[in-house]
Every structure is written in structure tokens, then in C-alpha cells.
Amino acid sequence: RKEIEFLEDLDRKWPLDAPSKRLLMFAYSHLGDMLGNPQIPNLGDFNGAVAAYEKMSRIASSVAAADRENASAQLDAAMSAGRLGGLQLSRGDPAAALPSLQESVAGLQRLVARDPANSGNVRFLANNIELVGDAQVALNRLPDAKASYEKEIVLIAPRLESDKANSTNSATFM
């Protein structure tokens, strides 16, 4: 938390310094992970993790809004929103998760449209589309969930088909 205090102080002194903001975003990401990311050992403070991820996402979104052409900033914003939504979904709050997950999908769709050959972004997009579908199922929005899962299939199927010999593709998208 001292690192965060230091980085917040830098942010107050130089509010337009994107590299410092990115460091602050990562600090909140790591704090949220340590507090309550269910995918790793954590302290069990899920409310604290949500608060840290919300700050991470706000910072990433502000940096992305200031530089729409910066693909790294756009990816940070999309992934931050996805992490927040994923945590909320894992904690049984699909209504809170869905807007963040949809924001993540929208950002990733823009990145994939810019660079369709970027398999990392395609994988992130597929994963977040699936989470949108999972949230929709939890909210009993079954036709919407079906549409989300179909979008995921349309995104993944041609990539798997085009390179059947590449076992990395199968492992990545399964």
C-alpha cells in the first residue's frame, strides 16, 4: 500500500504522466489480486479486491480515453474491465459483472478489428465473450447467452480450422 501512496502522490503532482498512471494501475491490480483474486492465493477480502479493481479500471479507462491510438492503453482498459467483471461474476454478482464484461468485449473487439492477426487479443476477446455469456446465463437471459456463445464460436472456429496442426491453437481456445 505504500507503493500505491507513492504512486498516487506522483499522480497528483504530474496528472498527465501516462507511465506513472500505468504503474498506479498495475499497483491496484496487484493489490486486488492479493486481496481477493479467486484464481490465486489471497487474503479473502473480496470487497477490497473489487474496490482495487474498480480503481485499476478507472485509471486504465482514463489513460485509454486520453490516447485512443495507443493500443497498449486500449488493451489495459479492456483487460481491466474484464478483470473487474470476472471477479464480480466469480463472487456471484452477474448483474454487476455484465457491464464491465461488455465494456471489455467492446474494447477488445476494437483492438481485434485493428489487428485481426493478433492471436493474444483474439484469445482475450473469446474469453471475455464467454464470460458475458456466463453472466447472461446467471441472469436467466438465455437467448442473449446463446448469442454470446455463438459469437465466441464464430470468432474461434476459423482460427482452429485454418491451422489444425497447431496444438497451441487448440490449447489456447479450449
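You'll find the structure just up there.
Below: a short report on this structure. Bear in mind that the values here come from a model prediction, so they are computed numbers and not experimental data. (Residues numbered from 1 in each chain as written. Predicted model: local features only at pLDDT ≥ 70, side-chain atom pairs only at ≥ 80, totals over all residues. Heavy atoms only, no water.)

Below, the discussion takes up the packing of helix α5 (residues 94-114) against helix α6 (residues 119-138). At their nearest, the axes of α5 and α6 sit 9 Å apart, and the two run at 155° to each other. On the basis of their axis angle, the class for α5 and α6 is roughly antiparallel. When you trace α5 past α6, the crossing you get is left-handed. Contact with α5, carried on its side by Pro94, Leu98, Leu101, Gln102, Ser104, Val105, Leu108, Gln109, Leu111 and Val112, involves Asn121, Val122, Phe124, Leu125, Asn128, Ile129, Leu131, Val132, Ala135, Gln136 and Ala138 of α6 and no other residues of that element. (Axes fitted to C-alpha atoms, helices over the stretch in contact; angles between N-to-C directions. Helix = DSSP H or I, 4+ residues; strand = E, 2+ residues; numbered from the N terminus. Parallel < 35°, antiparallel > 145°, perpendicular 65-115°, else oblique. Left-handed = near helix turned anticlockwise from the far one by under 90°. Contact = heavy atoms within 4.5 Å.)

Time to look at the packing of aromatic side chains. Enumeration according to the criterion identifies 0 aromatic pairs in this entry. One Lys or Arg, arginine 91, reaches over the ring of phenylalanine 46 and ends 3.8 Å from the middle of that ring. (Phe/Tyr/Trp six-rings, centres within 6.5 Å; stacked < 30°, edge-to-face > 60°. Lys NZ or Arg CZ within 6 Å of the ring centre and 35° of its normal.)

Within the element layout of this structure, alanine 117 appears in the loop between α5 and α6. With 42 residues separating them in the primary sequence, alanine 117 and arginine 159 have C-alpha atoms 9.8 Å apart.

With that settled, the discussion passes to the pattern of salt bridges. Evaluation of the coordinates by the stated rule reveals 4 salt bridges. In this structure, aspartate 76 and arginine 22 form a salt bridge, with 2.5 Å as the shortest nitrogen-oxygen distance. A residue pair is termed long-range when its members are at least 10 positions apart, and aspartate 76 in helix α4 (residues 71-90) and arginine 22 in helix α2 (residues 18-36) qualify at 54 residues. Residue classification places arginine 22 among the partly exposed positions, given a relative accessible area of 36%. Across the pair arginine 83 and aspartate 33 runs a salt bridge whose closest N-O atoms are separated by 2.2 Å. (Salt bridge = Lys/Arg side-chain N within 4 Å of Asp/Glu carboxyl O. Buried < 20%, exposed > 50% of the residue type's maximum accessible area, 1.4 Å probe, protein only.)

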